[in-house]
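# Architecture at a glance
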Amino acid sequence: MRRKIFVCLGLGIFFCLSALAVAAQAQEQEAQLYFVREIMVKPSKVMDYFEGTTALMAQIKEHKFPYPINVFRCDDFSVVFSAPLENIADMQNLGDSWDELMAMIGPEQGKKIQDLMDGTSEFREDGLIVLRPDLSYTPESPRLKPEEVNFYRWSFAYLLPGKAPEFEETAKKYVPLMKSKNIPDGYVVYQVIMGKELPLYVLVQGGKNPADYFSMDYSETLGEEAQVLQSKLWSLMRKMEYKNAWIARDLSYDGPEK
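Note that the structure is predicted; figures quoted are calculated from it, not measured.

Our focus in this paragraph is the overall build of the protein chain. Of regular secondary structure, the protein chain possesses 7 helices and 10 strands. In the protein chain, which comprises 258 residues, the proportion classed as buried is 50%. Total accessible area computed for the protein chain in this model is approximately 12,700 Å², and 51% of it derives from carbon and sulfur atoms.

What follows deals with the sheet that holds strand β4 (residues 70-74). Taking strand neighbours around the barrel as the criterion, the 8 strands line up as β3-β5-β4-β10-β7-β9-β8-β6 in a closed arrangement whose pairing is antiparallel. Ignoring which end each strand starts from, the neighbouring axes of this sheet average 35° apart. Relative to strand β6 (residues 121-131), strand β3 (residues 33-41) is paired through 9 bridges, and the arrangement is antiparallel. Bridge assignment links F35 to a residue of β6, and that residue is L128. Running over the sheet, helix α2 (residues 90-104) touches β3, β5 (78-85) and β6 and is turned about 115° from β5.

With that out of the way, let us pick up the packing of helix α1 (residues 46-62) against helix α3 (residues 107-117). Their axes nearest at 7 Å, the elements α1 and α3 cross at an angle of 150°. As summarised for this structure, α1 and α3 are arranged roughly antiparallel, according to the angle between their axes. In the packing of α1 onto α3, the handedness of the crossing is left-handed. Residues D48, Y49, E51, G52, T53, A55, L56 and Q59 of α1 touch α3, and the partners they reach there are Q109, I113, L116 and M117. For the contact of α1 with α3, a count of residues per class yields 6 nonpolar, 4 polar and 2 charged.

Applying the stated criterion across every chain, the model contains 15 salt bridges. A salt bridge links D115 to K111, with the shortest nitrogen-to-oxygen separation between them at 2.7 Å. Residue D115 and its partner K111 are located together in helix α3, separated by 4 residues, close to a single helical turn. Residue classification places D115 among the partly exposed positions, given a relative accessible area of 48%. For K111, a relative accessible area of 52% gives the class exposed. Between D134 and K172 there is a salt bridge; the shortest N-O distance is 3.7 Å. Residue D134 is located in the loop between β6 and β7 (151-159), and its partner K172 is located in helix α4 (residues 164-172); the two are separated by 38 residues in the primary sequence.

In this structure the tally under the stated criterion is 12 aromatic pairs. Measuring from centroid to centroid gives 5.7 Å for F72 and Y152, while their planes differ by 85°, and the two rings are edge-to-face. Placement of the pair is F72 in strand β4 and Y152 in strand β7, with a sequence separation of 80 residues. In this structure, R73 is placed above the aromatic ring of F50, and the distance from its NZ or CZ to the ring centre is 4.1 Å. Positioned above the aromatic ring of Y158, the side-chain terminus of K239 is 4.6 Å from the ring centre.

The next point concerns the nonpolar core. Within soluble globular proteins, side chains that are nonpolar tend to cluster in buried spots. Of all hydrophobic cores here, the largest spans 30 residues; its most connected members are Y49, I60, F65, I69, V71, V79 and L94. Looking at this core, the elements that each hand over two or more residues are β3, α1, β5, α2, α3 and β6. Broken down by element, the residue count for this core peaks at 7 residues, all from α1.

Once that is clear, we can look at the confidence of the model for the protein chain. Of all residues in the protein chain, 88% have pLDDT values of 70 or greater, and the mean over the chain is 85. Long-range and interchain partners of residues 1-29, a stretch whose pLDDT sits below 50, account for 152 contacts in this model, where long-range means more than four residues apart.

The interhelical angle for the contact between α4 and helix α7 (residues 219-235), taken along N-to-C directions, is 165°, at an axis separation of 10 Å. It follows from the interaxial angle that α4 and α7 lie roughly antiparallel. Handedness of the crossing formed by α4 with α7: left-handed. Across from E166, F167, T170 and A171 in α4, the residues of α7 making contact are L229, K232 and L233.

Calculation criteria
Residues numbered from 1 in each chain as written. Predicted model: local features only at pLDDT ≥ 70, side-chain atom pairs only at ≥ 80, totals over all residues. Heavy atoms only, no water. Helix = DSSP H or I, 4+ residues; strand = E, 2+ residues; numbered from the N terminus. Buried < 20%, exposed > 50% of the residue type's maximum accessible area, 1.4 Å probe, protein only. Areas by Shrake-Rupley, 256 points an atom, 1.4 Å probe, with all protein chains shown as cover. Pairing = 2+ DSSP bridges. Axes fitted to C-alpha atoms, helices over the stretch in contact; angles between N-to-C directions. Contact = heavy atoms within 4.5 Å. Parallel < 35°, antiparallel > 145°, perpendicular 65-115°, else oblique. Left-handed = near helix turned anticlockwise from the far one by under 90°. Nonpolar A, V, L, I, M, F, W, Y, C, P; charged D, E, K, R; others polar. Salt bridge = Lys/Arg side-chain N within 4 Å of Asp/Glu carboxyl O. Phe/Tyr/Trp six-rings, centres within 6.5 Å; stacked < 30°, edge-to-face > 60°. Lys NZ or Arg CZ within 6 Å of the ring centre and 35° of its normal. Core = buried A, V, L, I, M, F, W, Y, C linked by side-chain atoms within 4.5 Å. pLDDT = per-residue confidence, 0-100.

Encoded structure:
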């Protein structure tokens, strides 16, 4: 399965790259790096923003932008994009590829996109995240196929200063426990390595839809051992935040065909 990333731009206004990619199969997982950007869209400008984004993504696909793209719509009016990088130096290649794309878009089409997206957002936040396969779990026989997962629950764990090593040590113990109980739903963990309020880890879980996701409850199966681990993890956090997201398959881009 090819990895996707997403780019969202307000031509001449912002170069939108943001993160949190889709959960992958265990054998495909690696310490993948992502450059990230989150755009907070004004509720009154949602239609204009997505009309502009749709036009932009059409240009990305037409001109075969070299980086694949995933787009997520969130329940708080934010839009999240993710762009995978080979390494830190690849950020320069990504920026150069974006400049080349901008040069290929005709002036008339470019102005249309800019006019639609101008003034549609409240703010944007950038960061770098890295996939942590050692903290993630993928079942041998997943309940859902990747293409069946449309809804995502992102849990942001903001740790107390200096508690990252202990947090990771505890989180790793969840993986063999989940495997021993043959839990059919997996999860992916990302570590934020550039951004504000570090240390920060993000747990990503998915389902067909919100009802499917919130119907999952394996607490009884996992038993007291999981309760002890969860209590330990909570003791290392200073706060938790949550975000619900839907993948926008109509806007996402697989990247150029190989």
